[in-house]
Number of protein chains: 2
Amino acid sequence: MTAGTDEFALINRLAWLLDPPTHGIGIGDDAATWSPTPGTVTVATTDMLVEGIHFRLDWTTPEDLGWKAMAVNLSDIAAMGARPRHALVSIALKPDQAGIVIEIYKGIAAHARASGTFVVGGDTVRTDGPLTINVTLLGEADPALILRRDGARPGDVLAITGTAGGSAAGLALLSGEPTDSDPDRSRRLLAMHHRPSPRLHAGPALASLGARCGIDISDGIASEAGHLARSSNVAIVIDVDAVPFHPDAVAMFGLERARTLGLNGGEDYELLVALPLSLVDRARDAIASETTLTVIGRVVQDQHGGLVTATSGGLPFTLGAGGYVAF
Amino acid sequence: MTAGTDEFALINRLAWLLDPPTHGIGIGDDAATWSPTPGTVTVATTDMLVEGIHFRLDWTTPEDLGWKAMAVNLSDIAAMGARPRHALVSIALKPDQAGIVIEIYKGIAAHARASGTFVVGGDTVRTDGPLTINVTLLGEADPALILRRDGARPGDVLAITGTAGGSAAGLALLSGEPTDSDPDRSRRLLAMHHRPSPRLHAGPALASLGARCGIDISDGIASEAGHLARSSNVAIVIDVDAVPFHPDAVAMFGLERARTLGLNGGEDYELLVALPLSLVDRARDAIASETTLTVIGRVVQDQHGGLVTATSGGLPFTLGAGGYVAF
């Protein structure tokens, strides 16, 4: 499950209604886990995308939308250190949208193929309302190698794969936010927004090396660091100067705006991990074929837990309110 | 997956876009199956319910709606001969519907508890459109004991659990269809519609006894028998006089209307199975604690496959167009 900031209050109110699973992780991490048989863990996540809330059909091609509906879920699986295996797809559409749904399925099929996932089932129903897509993704992991939100330990460093702010910068372009016009940079930022690449190799690779704490930054660095800090009962200090903001976002929107887009934007689908400093070099090598790994902060002890602070140039830096609010 | 009649054309157009799974059953049965480890089969299904299409909030309580969203999926798992284990629930709601969603979750939790299912994850998102619920249900089965649509053999008898037409009769009452007023009968038929009991024991029990072909009658007997006949490449002959139409439906709407409700209505969530006649007595005993089993027809050879015919009083009986069209 990827839960936007608004959803947590509601989900927390719902969890008490449900019996907790007898084993594995229940509601609250990127994905749920359970063991179908000893030695294996199934990792499961589900995400719903609603037209007008999470996407606009005049801003995205249906094929990119299908790719992204898979990406959102694949990223949750990667953030658990797991490998994707099977997907189920439900789509509610208006009677005249059959052509659009074929295109959406092409994007789903392309990302399924690229990620080694089989789409094994689904439901296609009619709606009089917005186009709605729900993907459930099931993956596999080694029980000993799960990246959890509550695995950060004081002394760990905080590291991020790839860059931050590219997707939010692409969304800013779509929204018509004024910027220096540059077709190549625009194209790259729009691709970051429309066709993100979840870190399918990095997640399991970091887990194999000994990382125990990770989350995907679907809701921006500030918000996601807060989840790690609260779940792990630690504080996190982010060195904003060290964060690899997307170079095209910096070039087109300036450093200050790029920082906001990366820290408080969303949908980058990179991984934010906490791990011992001693593992960083090997981790960087292990994922080099897919992406980079950059240390952007550290995990410290905190009596109350959950605090995220930031510095820039040695001075306190105010993190904006976290969480991604779609367009 | 439970696919309404309209959906098959679309799903069949989509399946070619997807890589077929390397093992197990893909798109097309009640649920998908795969083996996470040898000796185990995971059975997975997903169903989406849309306000205004599949339910009306002025006709159902939110708690009954939650119960039913689980029932639709639990029935697919039972129809595969499997046992439900884990569920993921996505709900799209308007900002002012949080109270309704709590009630929906109470119904989901009640049916989860009653069926031994753990709700392990979900997604709660905003919509400006109709309330939309998606449930994905995962179950377990013995690989050798799966009820498939393509398992009917000439010589088998066709049998149904419980009764037919009760849920559609409840829906007819909600629609204001004129009938003899009888509060007790009305209450029972409305309960059949709002709070169906999927055959969670009968499915695995029939599979254990040696049945190899089953489907749930979410879309009415005629339509579902058609799926079995086409998938198994056989013809099916239904003896309409033998079908156990719900007695309250017969009493309130008359035999002719009750027949239409049962044969062409839907949402009864009973099981339609094809099995050797020699197994029927033992099968009846095995499921007696949950429901009845009634032989209503037979499976015959057919050169072309897929034909479903019916007789009543020894004369041909015209089956109406199959498939359930919600209110």
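These numbers come from a predicted model, not from an experiment.

K.L.:
Help me get a handle on the overall build of chain A, residues and values and all.
P.N.:
Across its full length, chain A holds 10 helices and 12 strands. The long-range share in chain A, meaning contacts at least 24 apart out of those at least 6 apart in sequence, stands at 84%.

K.L.:
Hey, could you go over the domain arrangement of chain A for me, with residue numbers and the actual values?
P.N.:
Buried accessible area, meaning the area lost when the parts come together, often serves as the stated size of an interface. All names here are of chain A. The domains assigned to chain A are domain 1 (5-141) and domain 2 (149-317). Of note, the centres of domain 1 and domain 2, computed from C-alpha atoms alone, are 22 Å apart. Elements with a minimum of two residues in the side of domain 1 that touches domain 2: helix H2 (62-78) and strand S3 (83-93). Ranked by the residues each element gives to the side of domain 1 that touches domain 2, the list is headed by H2, at 9 residues. Of the residues assigned to the side of domain 1 that touches domain 2, the class counts are 10 nonpolar, 5 polar and 6 charged.

K.L.:
Which residues make up the sheet that holds strand S10 (residues 293-300) of chain B, and what values go with them?
P.N.:
Residues and elements named next belong to chain B. Spatially, S7-S9-S6-S10-S8-S11-S12 is the arrangement adopted by the 7 strands of the open sheet, whose pairing is mixed. Every interior strand has two partners, whereas the edge strands, strand S7 (213-216) and strand S12 (315-317), have only one. For this sheet, the mean angle separating the axes of adjacent strands, direction not counted, is 30°. Bridge count between strand S8 (residues 235-239) and S10: 4 bridges; the pairing is antiparallel. Each residue of the ladder has a partner; that of Ile236, found in S10, is Val299. Set on the sheet, helix H6 (residues 202-209) makes contact with strand S6 (157-161), S7 and strand S9 (271-275); between it and S9 the angle comes to about 5°.

K.L.:
For unusual backbone geometry, give the residues involved together with the corresponding values.
P.N.:
One non-glycine residue, Tyr269(A), adopts positive backbone phi at about 55°. Structurally, Tyr269(A) is set in the loop between helix H9 (255-264) and strand S9 (271-275). The class of Tyr269(A) is buried, set by 25 C-beta atoms lying within 10 Å. For Asn233(B), which is not glycine, the phi dihedral falls at a positive 60°. Relative to the helices and strands, Asn233(B) is located in the loop between helix H7 (221-232) and S8.

K.L.:
Quick one: what's the story with the pairing of S3(A), residue by residue and with numbers?
P.N.:
Residue and element names in this part refer to chain A. With 11 of its 11 residues buried, S3 lies for the most part within the structure. Pairing geometry for S3 and strand S5 (residues 132-141), over 9 bridges, is antiparallel. In the sheet register, Leu88 faces S5, and the bridge partner there is Thr136. Note on the crossover from S3 through helix H3 (residues 98-115) to strand S4 (residues 118-126): the handedness is right-handed.

K.L.:
Explain the packing of helix H4 (residues 166-174) of chain A against helix H5 (residues 183-194) of chain A to me, using residue names and the numbers behind them.
P.N.:
Residues and elements named next belong to chain A. Put simply, H4 and H5 touch, their axes get as near as 7 Å, and they point 110° apart. Considering their axes alone, H4 and H5 lie roughly perpendicular with respect to each other. Read as a crossing pair, H4 and H5 show a hand that is left-handed. Contacts between H4 and H5 pair Gly166, Ser167, Ala169, Gly170, Leu171 and Leu173 from the former with Ser186, Leu189, Leu190, Met192 and His193 from the latter. Tallied by class, residues from the contact of H4 with H5 come to 6 nonpolar, 5 polar and no charged.

K.L.:
How would you sum up the packing of helix H6 (residues 202-209) of chain A against helix H10 (residues 280-287) of chain A? Please name residues and give values.
P.N.:
Residues and elements named next belong to chain A. Running from amino to carboxyl end, H6 crosses H10 at an angle of 145°, the nearest separation of the two axes being 9 Å. Between H6 and H10 lies a crossing of right-handed hand. In this structure, H6 contributes Ala202, Ala205, Leu206 and Leu209 to the contact, and H10 contributes Arg282, Ala283, Ala286 and Ile287. For the contact of H6 with H10, the class distribution of residues is 7 nonpolar, no polar and 1 charged.

K.L.:
Summarise the environment of Leu190(A); cite the residues concerned and give the values.
P.N.:
Residue and element names in this part refer to chain A. Among the secondary structure elements, Leu190 is positioned in helix H5. Judged by C-beta crowding, with 20 C-beta atoms within 10 Å, Leu190 ranks as buried. Considered as a pair, Leu190 and Leu171 are 19 residues apart in the sequence and their alpha carbons are 7.2 Å apart. Leu190 has contacts with Gly170 and Leu173, leaving out every residue within four places of it along the chain.

K.L.:
Please provide a residue-by-residue account of the sheet that holds strand S2 (residues 41-50) of chain B, values included.
P.N.:
All names here are of chain B. Pairing is mixed across the open sheet formed by 5 strands, whose spatial order is S1-S2-S5-S3-S4. Only two strands of the sheet have a single partner each, and these edge strands are strand S1 (32-34) and strand S4 (118-126). Strand-to-strand twist in this sheet, taken as the mean axis angle between neighbours without regard to direction, amounts to 15°. Judged from the 3 bridges that link them, S1 and S2 form a sheet pairing that is antiparallel. Bridged to Trp34 within S2 is Thr42. Along the sheet, helix H2 (residues 62-78) contacts S2, strand S3 (83-93) and strand S5 (132-141); its crossing angle with S5, the most-contacted strand, is approximately 30°.

K.L.:
Give a detailed account of helix H9 (residues 255-264) of chain B, specifying residues and quantitative values.
P.N.:
Those residues of H9(B) that sit buried are Ala258(B), Arg259(B), Leu261(B), Gly262(B), Leu263(B) and Asn264(B). If you follow the buried residues of H9(B), they end up packed against helix H4 (166-174), H7 and helix H8 (247-253) of chain B.

K.L.:
Give me H7(B): which residues, what numbers.
P.N.:
Side chains that are three or four residues apart share a direction in an α-helix, a result of its 3.6 residues per turn. The end-to-end C-alpha distance of H7(B) is 16 Å, a good match for the 16 Å that 12 residues give at a rise of 1.5 Å each. Inspection of H7(B) places Ile221(B), Ala222(B), Ser223(B), Glu224(B), Ala225(B), Gly226(B), His227(B), Leu228(B), Ala229(B) and Ser232(B) among the buried residues, and these make up the whole buried set.

K.L.:
How would you summarise the environment of Leu145(B) if you had to cite specific residues and measurements?
P.N.:
All names here are of chain B. Structurally, the position occupied by Leu145 is in the loop between S5 and S6. On a C-alpha basis, the gap between Leu145 and Pro198 in space is 19 Å, while along the polypeptide they are 53 residues apart. Setting aside residues up to four positions removed in sequence, Leu145 forms contacts with Gly81, Ala207 and Ser208.

K.L.:
Got a sec to walk through the environment of Gly297(A)? Specific residues and values, please.
P.N.:
All names here are of chain A. Take Gly297: it is sitting in strand S10 (residues 293-300). Here Gly297 falls in the buried class, since 25 other C-beta atoms lie within 10 Å of it. Each C-alpha atom of the pair Gly297 and Leu173 lies 29 Å from the other, and the pair is 124 residues apart in sequence. Excluding anything up to four places from it in sequence, Gly297 contacts Leu158, Ile236, Val237, Ile238 and Asp239.

K.L.:
Requested: an account of the confidence of the model for chain A, with residues and values cited.
P.N.:
All names here are of chain A. Residues with a pLDDT of 70 or more make up 89% of chain A, whose mean pLDDT is 89. Note that residues 1-8 has pLDDT below 50 and, in this model, 24 contacts with residues that lie over four places away or in other chains. Under a pLDDT of 50 for its full length, residues 322-327 has, in the predicted model, 23 contacts with residues more than four places off or in other chains. For this predicted complex, the interface score ipTM comes out at 0.88, while the overall pTM is 0.89.

The rules behind the values
- Residues numbered from 1 in each chain as written.
- Chains lettered and ligands numbered in written order.
- Predicted model: local features only at pLDDT ≥ 70, side-chain atom pairs only at ≥ 80, totals over all residues.
- Helix = DSSP H or I, 4+ residues; strand = E, 2+ residues; numbered from the N terminus.
- Contact = placed C-beta atoms within 7 Å.
- Domains from an automatic or database assignment.
- Nonpolar A, V, L, I, M, F, W, Y, C, P; charged D, E, K, R; others polar.
- Pairing = 2+ DSSP bridges.
- Axes fitted to C-alpha atoms, helices over the stretch in contact; angles between N-to-C directions.
- Buried ≥ 20, exposed ≤ 12 C-beta atoms within 10 Å, placed from the backbone.
- Right-handed = clockwise from strand over helix to strand, strands pointing away.
- Parallel < 35°, antiparallel > 145°, perpendicular 65-115°, else oblique.
- Left-handed = near helix turned anticlockwise from the far one by under 90°.
- Expected span 1.5 Å × (residues − 1).
- pLDDT = per-residue confidence, 0-100.

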